[in-house]
Amino acid sequence: MSQVNYLSKVGKWSNPTHIGQLYINGEWVDPSENRTIPVINPAMGETIAEVGLASQKDVQSAILAARQAFDDGVWRSTSPHKRAKLLSKLASKIEDDLNNLAEIETVNNGKTLREAKGDVEEAVKTFRYYAGLATKPTGETFEAEEPFVARVVREPIGVCGQIIPWNYPLLMAAWKLAPALAAGNTCILKPSEITPLTAIRLFELIDEVGFPKGVVNLVNGTGVEAGQPLVESTLVDKIAFTGGTATGKTILEKSVGNLKRVSLELGGKSPNIIFADADYESALDYATFAIFNNAGQVCSAGSRLLVDQKIYDQFIKDLVEVTKKIRVGNGLDPSSEMGSLVSEQQLTKIKNYIEIGKTEGAKLVCGGNRLRTNGLEDGFFIEPTIFVDVKPKSRIAQEEIFGPVLCIIPFETEEEAINIANDSPFGLAAGIFTSDVSKAERVAKAIRAGVTWINTYEQNLIEGPWGGYKESGIGRELGIYGFNEYTEVKQIINTLKVEPTGWFSS
Ligand code: NAD
């Protein structure tokens, strides 16, 4: 089936002709080298679209457009109220397109429709939140010695290259674009080459909203061809990146040319600690949700489950029972509770980690196999998988698997739980389940991670900061923290008494 037929049927995409194009300087344009990349529906293993590939020349055009739009002041000098109005308008357009966007996300990423709808709702909230923030005061003042008056203002950084991954394609685009635009920057978005479709649909809506030319640009393409030129360009003032830690390190190295600002949202291997005094049913439910939601392809997934020795055997027995009931299937099927993995490459990587787990001596008590029956023959499905008695130093406990593979580690004391939790190069998130409020507070403080959840997991508040300690990243997204990452701080000192200093006698 041709891409037009397929996507107009599945996503009810009225005008999928832009799929082969890039959005530069307020216009849809063909890639200069007329090359495309196939986009796969991972639940069916079939090509559903051919997306236009940006060459380095196209990326340069986008950079120049964003540079000119920033330097001309068409956006940063636009009143915050006007910026807020356009961002709100975009939020409403995304909301009106919710079902369409969710279906496109599901057929491109493999996640369930329920998950995809949740992502679109969060994207709407993100644009609304930052539309609101655009008009709020951001400066500061302090008492300066007379005759001086001083104030601190926040100004947009400039041209922002924004590079995003495949696990939450639309939502990550929203987390990047909304604060940057609210603060008055101009943007070039580079989605993952694996999941570019919702970004293309988003830019159709952006085009309808009518941002000034060059303010917001889209370049689809590979990391090396479309991402790296953004990172290396001295005309780009900031790179905001979400993706793997190894890629983040490369980006940091390659960005030094003009000492551009860099924020990095990277991987994780988050501990989820279950104490014996926890509310048992909630702990069980969240332990499952934390790792199998979005098929485990979540940076903050609770992939290391630390279980109190006092309840260890029973908890594992119950967890395996619940996990075996998870309905894995095509994300478009409303009865599916866990969709496919995003790609064959991801499937291979996860299967490899399952083999590593076995050779390391961890005990496989659930799953571990690719699913190839009942309509799942050609898709990239894997069973929700649980390893127990995992050694804290083993590879499956230390490295990010980024799939539905849970590693369970027993502990005996609070101190031991904290030590195991912190024994990781990552520090993105953590969960703590206990009915002891004091213990919860002690452990939350002791864990070195950007977010710690108590008796809940994956509650993501737009108002709060999101980001990691250690190798999970640099900087924060969301809330005022994410907004500030898109600003430079300027101090303005004025004097109320104009006179020479008299420092030099002549
Ligand atoms: P990835 O690092 O392979 O790719 C991410 C993006 O970087 C893609 O758009 C890719 O094309 C681009 N890229 C690759 N090489 C590049 C280069 N040399 N220069 C510039 N750009 C380049 O990551 P992925 O596999 O798409 O995503 C999974 C990773 O993302 C996981 O590690 C996950 O933990 C992380 N992630 C983190 C967060 C967070 O908030 N911390 C959120 C989502 C995903």
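Per chain, the residues get numbers from 1 upward, laid out in the order the sequence is written. For this predicted model, a pLDDT threshold of at least 70 governs which residues receive local features, and a threshold of 80 or more governs which side-chain atom pairs are given and counted, while totals over whole chains, interfaces and linings are taken from all residues. Think of the side-chain values as coming from all heavy atoms in the structure, minus any hydrogens and water.

Participant: What is the right way to look at the sheet that holds strand β21 (residues 451-454) in this model?
Facilitator: Backbone hydrogen bonds hold the strands of a sheet together, and the pairing may be parallel or antiparallel. One open sheet accounts for seven strands, arranged β14-β17-β18-β13-β12-β20-β21; its pairing is mixed. In this open sheet, the two strands that pair with only one neighbour each are β14 (363-366) and β21. Going from strand to strand, the sheet's axes swing by 25 degrees on average, the running direction of each strand aside. Paired strands, as defined in this entry, are two strands with at least two bridges between them according to DSSP. Secondary structure elements follow DSSP: runs of H or I no shorter than four residues count as helices, runs of E no shorter than two count as strands, and numbering proceeds from the N terminus. In this sheet, strand β18 (residues 405-411) lies alongside strand β17 (residues 385-388) in parallel orientation, the contact comprising three bridges. By the bridge assignment for β18, T385 is matched with V405. With axes taken as lines fitted to C-alpha atoms, and helix axes fitted only over the stretch in contact, angles between N-to-C directions fall between 0 and 180 degrees.

Participant: How do you make sense of the site of the ligand when you look at a structure like this?
Facilitator: The environment of the ligand is formed by 26 residues, the closest being K190, E193, T247, L266 and E400. For the purposes of these results, a polar contact is taken to be a pair of N or O atoms within 3.5 Å, where, inside protein, one atom must be able to donate a hydrogen and its partner to accept one; residues adjacent in sequence count only when each atom of the pair is a side-chain atom. Measuring from an oxygen atom of the ligand, one finds a side-chain N or O atom of K190 at 2.7 Å. For the ligand, an oxygen atom lies 2.9 Å from a polar atom in the side chain of W466. Reported accessibility uses the Shrake-Rupley method at a 1.4 Å probe radius. Residues are deemed covered only where the shown protein chains occlude them. The protein chains hide 88% of the 860 Å² of surface that the ligand would expose on its own. Broken down by secondary-structure element, the contributors of at least two residues to the shell around the ligand are α8 (223-232), β10 (238-242) and α9 (245-254). Looking at the shell around the ligand, the element that brings in the most residues is α8, giving three residues. Near, as used in this document, describes a residue that has one of its heavy atoms within 4 Å of the molecule or strand being considered.

Participant: Sorry if this is basic, but what is going on with unusual backbone geometry here?
Facilitator: Trans peptide bonds make up the majority, and among non-glycine residues the majority have a negative phi. Here the amide bond leading from E146 into P147 is cis, since omega sits at 10 degrees, within 30 degrees of zero. Looking at where P147 falls in the secondary structure, it is placed in the loop between β5 (140-142) and β6 (148-156). With a phi angle near 60 degrees, F402 is a residue other than glycine that sits in the positive phi range. Along the chain, F402 turns up in the loop between α13 (395-398) and β18. Relative accessibility decides the category of a residue: with a 1.4 Å probe and only protein chains considered, values under 20% of the type maximum give buried, values over 50% give exposed, and everything between is partly exposed. Residue F402 is classed as buried on the basis of its relative accessible area, which comes to 14%.

Participant: I'm lost on the packing of helix α6 (residues 169-182) against helix α7 (residues 197-209) in this one. Help?
Facilitator: When two helices pack together, their arrangement is given by the angle between the helix axes and by the axis-to-axis distance. Where α6 meets α7, the closest approach of the two axes is 9 Å, and the angle between their N-to-C directions is 45 degrees. With respect to α7, the element α6 is oriented oblique. In the crossing of α6 with α7, the sense of the turn from one axis to the other is right-handed. Judged by residue contacts, P169, L170, A173 and L177 of α6 engage T198, L202, F203 and I206 from α7. As a working rule, the residues Ala, Val, Leu, Ile, Met, Phe, Trp, Tyr, Cys and Pro are called nonpolar, Asp, Glu, Lys and Arg charged, and the rest polar, with Gly in that last group. Taken together, the residues that form the contact of α6 with α7 break down as seven nonpolar, one polar and no charged. When an angle is under 35 degrees it counts as roughly parallel; over 145 it counts as roughly antiparallel; between 65 and 115 it counts as roughly perpendicular; any other value is oblique. Working rule for handedness: look at the near helix, and if it is turned counterclockwise from the far one by less than a right angle, call the crossing left-handed; if clockwise, right-handed. Throughout, a contact is declared for two residues whenever any of their heavy atoms are within 4.5 Å.

Participant: What exactly am I supposed to notice about the side chain of D318 here?
Facilitator: Summarising the element assignment, D318 is placed in helix α11 (residues 312-324). For D318, which is buried and forms no salt bridge, the nearest opposite charge comes from K317, at a distance of 4.8 Å. Leaving out residues up to four positions away in the same chain, D318 has contacts with Y280 and L284. Positive charges are assigned to Lys and Arg, negative charges to Asp and Glu, while His and the chain termini are left out of the count. The working definition used for a salt bridge is a side-chain nitrogen of Lys or Arg within 4 Å of a carboxyl oxygen of Asp or Glu.

Participant: Help me understand the pattern of salt bridges, please; the structure alone is not making it clear to me.
Facilitator: Any two side chains of opposite charge can pair, on the condition that their charged atoms come close. Counted under the stated rule, the structure contains 24 salt bridges. Among the salt bridges present, the one from K125 reaches E122, with a minimum N-O distance of 3.1 Å. Of this pair, K125 and E122 are both found in helix α5 (residues 113-134), three residues apart, which corresponds to roughly one turn of the helix. Residue E122 is classed as partly exposed on the basis of its relative accessible area, which comes to 23%. Of the charged contacts in the structure, one is a salt bridge between K190 and E193, with a shortest N-O distance of 3.3 Å. Under the relative-accessibility criterion, K190 is labelled buried at 2%. E193 gets classed as partly exposed once you look at its relative accessible area, which sits at 27%.

Participant: Before we go on, may I ask you to explain the sheet that holds strand β24 (residues 487-495) in this structure?
Facilitator: Strand order across the open sheet formed by three strands is β5-β6-β24, with antiparallel pairing between neighbours. Both edges of this open sheet fall to β5 and β24, since each of them pairs with a single strand only. Direction aside, neighbouring strands of the sheet carry axes that sit 20 degrees apart on average. As paired strands, β6 and β24 are joined by nine bridges and run antiparallel to one another.

Participant: Sorry, what's going on with the nonpolar core here?
Facilitator: Generally speaking, a soluble globular protein has its nonpolar side chains buried in company with each other. Throughout, nonpolar core names a set of buried Ala, Val, Leu, Ile, Met, Phe, Trp, Tyr and Cys residues whose side chains join them through atoms within 4.5 Å. One finds L177, L197, F211 and I408 to be the most contacted residues of the largest nonpolar core, which totals 136 residues. Here this core takes 11 residues from α6, the largest share from any one element. In contact with F211, not counting residues within four places along its chain, are W75, L86, L87, L90, L181, I206 and V216. Judged by nonpolar contacts, the second largest core, of 23 residues, contains I163, V236, F241 and L264.

Participant: Help me out: how do you make sense of the state of the cysteines in this one?
Facilitator: By definition, a disulfide links the sulfur atoms of two cysteines through a covalent bond. The disulfide criterion is simple: two cysteine sulfur atoms within 2.5 Å. Considering all chains together, one arrives at zero disulfides under this definition. We note that C187 lacks a disulfide partner, and the nearest cysteine sulfur, in C160, lies 5.3 Å from it. The structure places no disulfide on C407, whose sulfur is separated from the nearest cysteine sulfur, that of C366, by 13 Å. A relative accessible area of 0% means that C407 is categorised as buried.

Participant: I'm lost on the packing of aromatic side chains in this one. Help?
Facilitator: Any aromatic ring pair is given by two values, namely how distant the centres are and how the planes are angled relative to each other. Within 6.5 Å between ring centres, the rings of Phe, Tyr and Trp (the latter by its six-membered ring) count as paired, and their orientation is classed by plane angle as stacked under 30 degrees, edge-to-face over 60, tilted in between. Using the criterion set out here, one finds 12 aromatic pairs in the structure. When the ring of Y286 is compared with that of F289, the centres are 6.4 Å apart and the planes differ by 80 degrees; the resulting orientation is edge-to-face. Placement of the pair is Y286 and F289 together in helix α10 (residues 280-292), with a separation of three residues, close to one helical turn. You can call F289 partly exposed: its relative accessible area is 36%.

Participant: Explanation requested: helix α14 (residues 414-422) in the structure shown.
Facilitator: For α14, the complete set of buried residues consists of A417, I418, I420 and A421. All buried residues of α14 lie within an arc of 165 degrees about the axis, which places them on one face of the element. On its buried face, α14 is in contact with β12 (271-274), β13 (304-308), β18 and α15 (437-446). Read the arc as the range of directions from the helix axis to the C-beta atoms.

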